[in-house]
Amino acid sequence: MNIKAVSKGSKYLFAFGFILILLVMGTKLYQDKAWFLAIFFYVSAALIFYTYSISKSTPAKYLLPGVLLLTLFHIYPAFYSGAVAFTNDSNGHQLTKDQAIAAIVQDSKIPIATQEPVKYQTLIEEGSKKVFVLFKYESENYWLSDGNAIRSVSPDPRSVLVDGTVVKVGGFTILSPDQTQAQIAVLQNLVINLDSGISFQPQDLETLEVSQPAFMYNEAKDELINTLSGESYEPNDNGQMVSKSGEVLYPGWKANIGWRNFSSIITDKEIRRPLLAVLVWTFANAFLLVLISFLMGLVLALIFNFPALRSKRFYRTIFIIPMAIPSVLSLLVWSGLFTAETGVIDRLFHISIPWLTHPWWARVAVLIVELWITFPYMFLITTGAIQAIPGEILEAAAIDGASPAKSFTQIKLPLVVRTVAPLLVASVAMALNNFGAIYLLTGGGPTFSNSNGNAGATDILISYTYKLAFNSQEGNNYGLASALSILNFLIVGLISIYGLKKMKTMEGIN
Amino acid sequence: MKLHRLGVGLLGVSLAFFGSMAPAQAAGSITVWVNSGEEASYKAASAAWSAKTGVTVNIVAKCGLGDCGMSKLGPAGAGPDLFTASHDNTGSLVKSGVVTSLSSVVKKASYPSAVLSGITFNYQQWGIPIAVSNIALATNLSLVPAGAPKTWKELESTATSLISSGKANVGIVTHLDGYFMQPFFDSIGGYVFQNKNGSYTNTKQVGLYSKSLAKNASLMDTWLQKKIFDKSNTYDGSNFTNGKAPYSLVGPWSIAGLDKAGMKYEISSIPSINGGTARSFSGVTAVYMNRYAKNKFLAKQYLVEVVQSAAFSKAITAANNSYPANIEAASSIDPSSVAGKFGAYGAVCIPMPNVSEMNQVWTYWNNAFADWASGKAKFGAAMESASKNLNKALGNS
C-alpha cells in the first residue's frame, strides 16, 4: 500500500471522526438546553473543519486547539462563575421561581377522599394535537381540561356508556389504553385546577388524585395565600416567599441578588472573621514556601557545583524523588506520618507534638511537606541557572581579587535571580492556589471553632472556597463560593502582574 | 474536490446520526440510584417484577452518605426517578423541593413508629423505609472471654485493667464525633434537639450543654485521660482487629472487615453510666421519589409493588447486614445473628433528627469533640461554647 495514501486517508478519517464527535456532543448539549456549550461545539467543529482543510500552513493551525481549549476551560468557567456570584445559588435555592411555587402548592395538598376513584379519559384535540383529560366530578357535566384551560362539557347522551365512559366528543379523538400509554410524559405532569381550588392530578393511566392544596398562588398579585390560615406570602429579595410575620416558605428559588455576595464578605461577621485569617495564611504560606524552597534549592545547587563532590548522580536521584512521586500519594502518606503520638515522626524522634490537631503545628507540618515537594524543582532550576553563568565572568572576578563570598553575592546571586525570576513569580502564583497540599494533608487544618464555613488554621482561600461550595453540610453555597473565587482570581492575577512588572526592572542588571 | 466530497459524506452521516437520536430514556423503564456496592442486591430484588411487567429497572450506584447530589441534579432534570438516602436528609431534601410526598403510598402499619418518624417531615411521609442501621458495641472475645459488658462499670473496669496491664492500647475504638459518641453523650444527659413523640421540630432548644451534661461533663475528661477513648481520634480499626483494644463501636458496614480479620466478637447494646442502655442514633435508609422524575407512574408502581414489600426489605438488608425496617421482614430475623443483635439494640435507639438544621449541628458538635480530643478544651467547656455558637447560628438567641 502506498504509505502516503494510507497516512493521508487515516488523517482524513481521524479529522472527520473528531468533527463528527464534536457535532454529536453539540446536539446532545442542545437537547439538554445548554445553549452556550452547544453553540461552542458547533462553532468549534466548523472552525476545525475550515482551518485544517486549507492545505497551506497558517498560524491558525497551531493556535486553534489552544484557543478553543482556553475558551472552554478557562474563559467560559470564569464568566459562568461570575454570573453565579451574583445569585444566591445554594441548597434550597436551586429551583426556578415557577418550580418553587409549584412545589409549595403541590406539597400543601390535602387529599380529598372520594367514594369511588375518579376515572378519566385521555383525548387529543384534533387541530392543535394537545392532550386533554375528560372526567366527571360532582356534577352532571364532564370537565375537559389540558391543565391550562378548563371547561364544562355535556356530551350527547347517546355517546355515553352505562359506566360513564364517553365514546365520542366533537373536535377530539378519544385515545385507547395503548395510545394513552404513549402520552405518559404529558399526563405525569398534568395538574388541573377548578376555580373552587380543588386540584386533580393523574396518578396512573386511568384515575385522578383529588386534593385541595392549602396554598393558592395569585399570579397577578404574585402572592401565595394559605387558604386555611388566610396568611399571604410575598417574594423577598432572597428568592423566598415570606409572610408579613417573617415566616419563610421552602423551597426557595435561584434569584439574582446583585452585589450581596461580595458585600457580605466585608459586612457579614461570620464570613469576614475566618476569611481574614485565611487570607493572611494564604499569603504567608505562598511567600514562605517559595522563599525557603528557593534558598534550599540554591544552597544545594551551590554545593553541587563543587567539583570535588562525589556520587553526584546518587544525590541527584534522591533529590528528584519527592518531585517524581505523584503528590496525591505522597500527601496522603505524609498525613499518616504526622499522626500525633502514634505516627512515625513522633515515634522516630520520641516527641509528642500534636501535628495535625494544633493550629500552629499544623501550619508547620504543611510547610514541611510543601517544602519537601517543591525543593527539587528549585534545585533543578537553580542548578541550571548557575551552570548557565559564563565561566569567563567568574574567572574575571577571581582575577580581580574577589573572595568566594563576594563572587557569590555580587555575581552569581543576581544572575541566578534574574534567570529564575519568572519561575519564582509563577511558583508564587501556584502556591497561592496550592489546593492539593492543604486539602489532602489536613483538610484545611484544625477548624476554627467559631467559624461558620468550617474554615481552619491551614485553610487557604481556595480550599475554604471549595468547602463552602461542596461541603453539603454548609448548604452548598455556590453563590458565595463563586464570589470568593473571583476574589481569588483578582488576588493571584494582581500579584502575578506585579511580580512580572518587577522582573522587567531586573532586566537592567547585567 | 476530494475534500468537498468527503464533506458531503460527513454531512450525510451526521444527519443520519441526529435523526436516530432517541430520547434519553425509552418508555417502560425507571432509574434508581442506590448506595455504592449494593447494585447487585437491588437488581436481584427487582428482577421478578421487571420480568412480570416488562419494565426495565436501571439500578445505578451513585449514592453515599448525603443526598446523592439531588438538590442540584433534580431540578436540572438530570436526576433519577427514585433514589436511596439516609433519613436524616429528609428535611433538607424537602426544603430543596426535590422530593415528592409519598404520604398516599406509604403503608403506615408496616413500619415501627420510630422508623416512620424518621421519614416524616411537616406531617407528611417522604420516603419508603427499607433498612435501619445503628452502631453497637463490639467486644473482642479473645481479650474479654467474659463476653459483652452488661453495665458501664464492667466496661470501665475491664478496659482500665487491660490498659494498665499493657495488653490494650485503648478502651473503646471509635471516632470521636457526634454520631459515634452519641450514646455516651446521651448517657450523661446531653441531647441535640428535644424528641417529642418521635418528631424533632422544636429546634429552639439545644441540649448540647444541658444541666445534666454540665454536671457529668468531667466524667468524659476522666475517661479520656484513662485512655478509654483514644485521643488521637484516628479510629485506628487495627487496634481492635489486632487485639489491642477490648471494645469498639461498629456499624453493619464494619462486619465484613471484622470477619475478614478472623476475629471472635460479640455485638451488644451500649451500657449507660446510670444503668440501663445508652441510646445511639439509628439511621433509616429510605427510597425517595424525585419530584422531577421522568417516569412518575412507573416509579410509583415500583414503590407500591416492590419497595414496600417485606421480601424487598429482607433481601436488601440481608446483603448489607443491616436490620429490615419492615415489621414483617424484621420478625423473620434470627435474634442471635449479627443483624438480629444490631436490630435488638436498634429498637431502643433514637432516630437521627431529620431537620435541615442538623447540618449546622454536626459542624459545631464535631468541632467541640475535636477540641476535647486534642486537649484544647475540657469536655464541658467545649460543649458550652458549641451550644452557644449553635444557638446563635440557628437564631435562637
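These numbers come from a predicted model, not from an experiment.

### Describing the overall build of chain B
Then, in step 1: Counting secondary structure elements, chain B contains 16 helices and 13 strands.
Then, in step 2: If you line up chain B on its principal axes, its C-alpha atoms span 85 × 55 × 50 Å.
Then, in step 3: Out of the 397 residues belonging to chain B, those deemed buried represent 50%.
Then, in step 4: Considering only contacts in chain B between residues 6 or more positions apart, those separated by 24 or more positions represent 75%.

### With respect to the overall build of chain A
Then, in step 1: Within chain A one finds 17 helices and 14 strands.
Then, in step 2: At 35 Å, chain A has a C-alpha radius of gyration far larger than the 24 Å of a compact globule built from 510 residues.
Then, in step 3: For chain A, the C-alpha atoms occupy an extent of roughly 120 × 75 × 45 Å along the three principal directions.
Then, in step 4: Within chain A, residue pairs in contact and separated by at least 24 positions form 57% of the contacts whose partners lie at least 6 positions apart.

### As for the interface of chain B and chain A
Then, in step 1: At the junction of the two partners, chain B supplies 35 residues and chain A supplies 40 residues.
Then, in step 2: Elements represented by at least two residues in the side of chain B that touches chain A include exactly helix H1 (2–19), helix H3 (70–73), helix H4 (90–96), helix H11 (296–307), helix H15 (358–374) and helix H16 (379–394) of chain B.
Then, in step 3: Considered class by class, the residues forming the side of chain B that touches chain A number 13 nonpolar, 16 polar and six charged.

### Considerations on the environment of Leu441(A)
Residues and elements named next belong to chain A.
Then, in step 1: With respect to the secondary-structure elements, Leu441 resides in helix H15 (residues 435–441).
Then, in step 2: Its 24 C-beta neighbours within 10 Å are what place Leu441 among the buried residues.
Then, in step 3: For Leu441, the residues in contact, after removing those within four places along its chain, are Leu331, Trp334, Ser335, Val366 and Val369.

### A look at the environment of Gly28(B)
Residue and element names in this part refer to chain B.
Then, in step 1: As for its position among the elements, Gly28 is in the loop between H1 and strand S1 (29–35).
Then, in step 2: C-alpha separation for the pair Gly28 and Lys231, spaced 203 residues apart in sequence, amounts to 55 Å.
Then, in step 3: Aside from chain neighbours lying at most four places away, what touches Gly28 is Gly54, Val55 and Thr56.

### Overview of unusual backbone geometry
Then, in step 1: Of the consecutive residues Tyr250(A) and Pro251(A), the connecting peptide bond is found in the cis state with omega at -5°.
Then, in step 2: The topology assignment puts Pro251(A) in the loop between strand S14 (248–249) and helix H7 (260–267).
Then, in step 3: Positive phi is not limited to glycine here, since Glu138(A) has a value of about 50°.
Then, in step 4: Look at Glu138(A) and you get exposed, because 11 C-beta atoms sit within 10 Å.
Then, in step 5: Phi is positive for Asn321(B), which is not a glycine, with a value near 65°.
Then, in step 6: Looking at where Asn321(B) falls in the secondary structure, it is placed in the loop between helix H12 (310–320) and strand S12 (323–324).
Then, in step 7: For Asn321(B), a count of 19 C-beta atoms within 10 Å corresponds to the partly exposed category.

### Quick notes on the domain arrangement of chain B
Residues and elements named next belong to chain B.
Then, in step 1: Domain parsing of chain B yields domain 1 (29–133 + 282–351) and domain 2 (137–281 + 355–394).
Then, in step 2: On a C-alpha basis, the centres of domain 1 and domain 2 stand 28 Å from each other.
Then, in step 3: Across the boundary between the two partners, domain 1 contributes 21 residues, which contact 17 residues of domain 2.
Then, in step 4: At the level of secondary structure, the elements contributing two or more residues to the side of domain 1 that touches domain 2 comprise H4, helix H5 (113–118), strand S11 (281–289) and helix H14 (338–346).
Then, in step 5: Looking at the side of domain 1 that touches domain 2 element by element, the count peaks at four residues for H14.
Then, in step 6: The residue inventory of the side of domain 1 that touches domain 2, partitioned by class, reads seven nonpolar, eleven polar and three charged.

### Description of the confidence of the model for chain A
Then, in step 1: Put simply, chain A has an average pLDDT of 86, and 97% of its residues get 70 or more.
Then, in step 2: Mean pLDDT values over the elements of chain A span from 81, in helix H13 (residues 391–399) of chain A, up to 92, in helix H12 (residues 359–387) of chain A.

### A look at the pairing of S1(B)
Residues and elements named next belong to chain B.
Then, in step 1: Burial analysis of S1 places six of its seven residues in the buried class, the great majority of the element.
Then, in step 2: With seven bridges joining them, S1 and strand S2 (residues 56–63) adopt parallel strand pairing. Bridging across to S2, Asn35 finds its partner in Cys63.
Then, in step 3: Relative to strand S3 (residues 82–86), S1 runs parallel, the two sharing two bridges. Within S3, the residue paired with Trp33 across the bridge is Phe83.

### Quick word on the nonpolar core
Then, in step 1: Ranked by size, the top nonpolar core spans 110 residues in total, and within it Val32(B), Phe83(B), Ala136(B), Tyr288(B) and Met383(B) carry the most contacts.
Then, in step 2: Examining the composition of this core, we find that eight residues originate from one element, H15(B), more than from any other.
Then, in step 3: Two domains each put at least three residues into this core: domain 1 (29–133 + 282–351) and domain 2 (137–281 + 355–394) of chain B.
Then, in step 4: Leaving out residues up to four positions away in the same chain, Tyr288(B) has contacts with Leu82(B), Phe83(B), Ala85(B), Leu93(B), Val99(B), Trp126(B) and Gly127(B).
Then, in step 5: One finds Val84(A), Leu356(A), Ile460(A) and Leu480(A) within the second-largest nonpolar core, a separate group that totals 34 residues.

Rules behind the numbers
- Residues numbered from 1 in each chain as written.
- Chains lettered and ligands numbered in written order.
- Predicted model: local features only at pLDDT ≥ 70, side-chain atom pairs only at ≥ 80, totals over all residues.
- Helix = DSSP H or I, 4+ residues; strand = E, 2+ residues; numbered from the N terminus.
- Buried ≥ 20, exposed ≤ 12 C-beta atoms within 10 Å, placed from the backbone.
- Contact = placed C-beta atoms within 7 Å.
- Rg over C-alpha atoms; globule rule 2.2 N^0.38 Å.
- Nonpolar A, V, L, I, M, F, W, Y, C, P; charged D, E, K, R; others polar.
- Domains from an automatic or database assignment.
- pLDDT = per-residue confidence, 0-100.
- Pairing = 2+ DSSP bridges.
- Core = buried A, V, L, I, M, F, W, Y, C linked by C-beta atoms within 7 Å.

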